[in-house]
Amino acid sequence: MTDPVVESEFASVSVRLDTDGNSVRLRLEDLRTGRVRHLDALELETIIWLDDGRLTQLLDPSHERWRG
Amino acid sequence: MTAVVQPAPVATGQSRYSQLIRPDQVHGSLYTDPTIFAEELQKIWHKTWVFVGHESEVPQPNDYVRKQLATQDVIMTRDRDGEVHLLINRCAHRGLQVCDDASGNSSSFRCPYHGWTYRNTGELLGYPYNKGYGGKNKLELGMGKVPRVASYQGFVFGSLAADGPSLEEHLGAAAGEIDRLVGLSPEGEVSLDAGWLRHRTRSNWKFLAENETDGYHPQFVHGSIFGVTGSPIGALYSDSSTAVTRNLGNGHSENDLRPEFRNFAEPLRWFGTTPDRVPQYVAAMQESYGDDAERRLIEGAPHVMIFPNLFIAEIQVFNIQPVAVGECVQYATAVQLAGAPEMNKRMVSQSIGSVGPAGMLLADDTEMYERNQRGVQMLDPEWLDVRRGLQRESIDENGFTIGAATDETGMRGFWQHYRTLMEAED
Ligand code: FES
Ligand SMILES: [Fe+2]
């Protein structure tokens, strides 16, 4: 069974509920690089509540991945 | 009824515990006096290495489980980098219990009272409405931590004392018994993730610790399970047995049944089965250990009591934790051997039969523990006897004191170490 994919021309991320841990987590995979991140419930709730400005800051390519 | 047996009068120049603990007798008040229990918490449970759980209970990063360390509710966590921590389940703000679920997966914990939030390493990462504290990161607070955490073959121990002997020093010769258990896995690894049963027991914890290597009682107390299952184990605990009871030092002791199993030389006799019933396991053992596989399969798993609270009983593990002078909890789980699915299924079903809610082994022992607690509150005679086999003890080739299969050598070793700890100056 293939996992659902959230995709656009800019990025491609597969999404799965992972039950390997002691409670359920969201497993996200960047299909372009294979990088995987798990998010637990409190982290997801936190992302929902990030204000748009903070989220925009995180999208700045020099913020993490291409910091130089 | 919670009568306290009057302590024996203390003669001048002798410590309280050398009065209460003799080479061949121990005083009843050791099991009933709440002031002695309070001192045990300080000098044993909040100081020495105490078994808490197993790394396999937190297999994934950010997994956690709630565990008991004596009177303390602790959270065993695995952080993002894989390191295991023991946090004390108490908020640094106003002392609320932070985690309530028995287990979960979370990188951080948020206290439900005012929302203070901690990393799963215990560090405070933030609090709501931070202006009240002059901004972010203004508080040097965090959840309490068990200061020393160490593991051996995945068995996690905690010590509430910042200094003291290392875990290896504490385990001493008992470490070899854990190795023996792990050596029955073709991959050299065990896990304790089959789930723990929790048995509340109205008895002083020491009755359990002493009983675990008491080879004198099985024929009486466990007659019914031996009879129903046709187990050959009962016969190993008699005066004609070649098995030995060994004082391993530091309060640890074992019933070493290997001499008997070596005589029979039947692989898996210790487990009540034969190689043809678990062929893949036997093949995997031969693959991993070659010629030595046969010896391992003949000699079987250890029966060892590791002071003060870890009992490995061949196929299952007990975690004993005290609650009050007359109450403790026994947590029990089946051993699971990595790379041995055929064995693991059997270990779980055997454990259900022996220590499950309707199991026949632990229920029988527990009946004795609770009656023991009631009996010892009676005033006469004041002493319990621990002299069995004192006249026939000897020293084995490794320098350990050994007695016969039914002798109280293990108990005497327990009391020796107990006395050392209780008499130690702070
Ligand atoms: S007691 Fe935990 S946030 Fe107040
Ligand atoms: Fe027993």
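Definitions and cut-offs
- Residues numbered from 1 in each chain as written.
- Chains lettered and ligands numbered in written order.
- Predicted model: local features only at pLDDT ≥ 70, side-chain atom pairs only at ≥ 80, totals over all residues.
- Heavy atoms only, no water.
- UniProt positions renumbered as here; feature names shortened; annotations may be inferred.
- 1 Å grid on protein atoms, 1.4 Å probe; cavity = no way out; pocket = protein on both sides within 12 Å on 5 of 7 lines; lining within 4 Å.
- Points joined across faces, edges and corners; volume = space filled by probe spheres on them.
- Helix = DSSP H or I, 4+ residues; strand = E, 2+ residues; numbered from the N terminus.
- Nonpolar A, V, L, I, M, F, W, Y, C, P; charged D, E, K, R; others polar.
- Domains from an automatic or database assignment.
- Contact = heavy atoms within 4.5 Å.
- Buried area = accessible area lost by both parts, 1.4 Å probe.
- Salt bridge = Lys/Arg side-chain N within 4 Å of Asp/Glu carboxyl O.
- Polar contact = N/O pair within 3.5 Å; in protein donor to acceptor, adjacent residues only side chain to side chain.

Per an unreviewed UniProt entry, chain B is named Aromatic ring-hydroxylating dioxygenase subunit alpha, and its organism is Nocardioides immobilis. UniProt annotates chain B under Sequence similarities (unreviewed entry) with the comment "Belongs to the bacterial ring-hydroxylating dioxygenase alpha subunit family."

Labelled according to an unreviewed UniProt entry, chain A appears under the name Dihydrodiol dehydrogenase, originating from Nocardioides immobilis.

Caption draft 1: Spatial organisation of the layout of surface pockets. Residue and element names in this part refer to chain B. Looking at the second largest pocket, its volume works out to about 830 Å³. Surrounding the second largest pocket, 40 residues form its lining, Phe226, Ser231, Ile233, Gln316 and Leu361 being those nearest its centre. Sorting the residues of the lining of the second largest pocket by element identifies helix H7 (223–229), strand S17 (310–313), strand S18 (316–324), helix H11 (341–355) and helix H12 (362–375) as the ones contributing at least two each. Residue contributions to the lining of the second largest pocket peak at four residues, all from H11. By residue class, the composition of the lining of the second largest pocket is 19 nonpolar, 16 polar and five charged.

Caption draft 2: Representation of empty space enclosed by the protein within the structure. Residue and element names in this part refer to chain B. Taken as a whole and judged by the stated rule, the model has two cavities of 30 Å³ or more. Of the volumes computed, that of the largest cavity is approximately 50 Å³. If you trace the largest cavity, you find 13 residues lining it, with Arg180, Asn255, Leu257, Ala301 and Pro302 closest to the centre. Mapped by element, the contributors of at least two residues to the lining of the largest cavity are helix H4 (174–182), strand S15 (252–256) and helix H8 (258–264). Of all the elements, S15 adds the most residues to the lining of the largest cavity, at three residues. For the lining of the largest cavity, a count of residues per class yields four nonpolar, two polar and seven charged. Surrounding the second largest cavity, Ala209, Glu210, Thr213, Gly251, Ser253, Met305, Gly410, Met411 and Phe414 form its lining. Sorting the residues of the lining of the second largest cavity by element identifies helix H5 (205–211) and helix H13 (409–423) as the ones contributing at least two each. With three residues, the top contributor of residues to the lining of the second largest cavity is H13.

Caption draft 3: Examining the domain arrangement of chain B more closely. All names here are of chain B. Looking at chain B, the domain boundaries give domain 1 (51–152) and domain 2 (175–423). Contacts between domain 1 and domain 2 engage eleven residues on the former and 17 residues on the latter. Both faces considered, domain 1 and domain 2 share a buried interface measuring about 1,100 Å² in area, 53% of it formed by carbon and sulfur atoms. For the domain 1 face of the interface with domain 2, the top three residues by lost area are Phe51, Gln68 and Tyr152, together amounting to 58%. The tally of links from domain 1 across to domain 2 stands at zero salt bridges. Taken together, domain 1 and domain 2 are joined by eleven residue pairs in polar contact (both at pLDDT 80 or more). Looking at the side of domain 1 that touches domain 2, the elements that each hand over two or more residues are strand S2 (50–54) and strand S3 (63–69). Tallied by class, the residues present in the side of domain 1 that touches domain 2 amount to five nonpolar, four polar and two charged.

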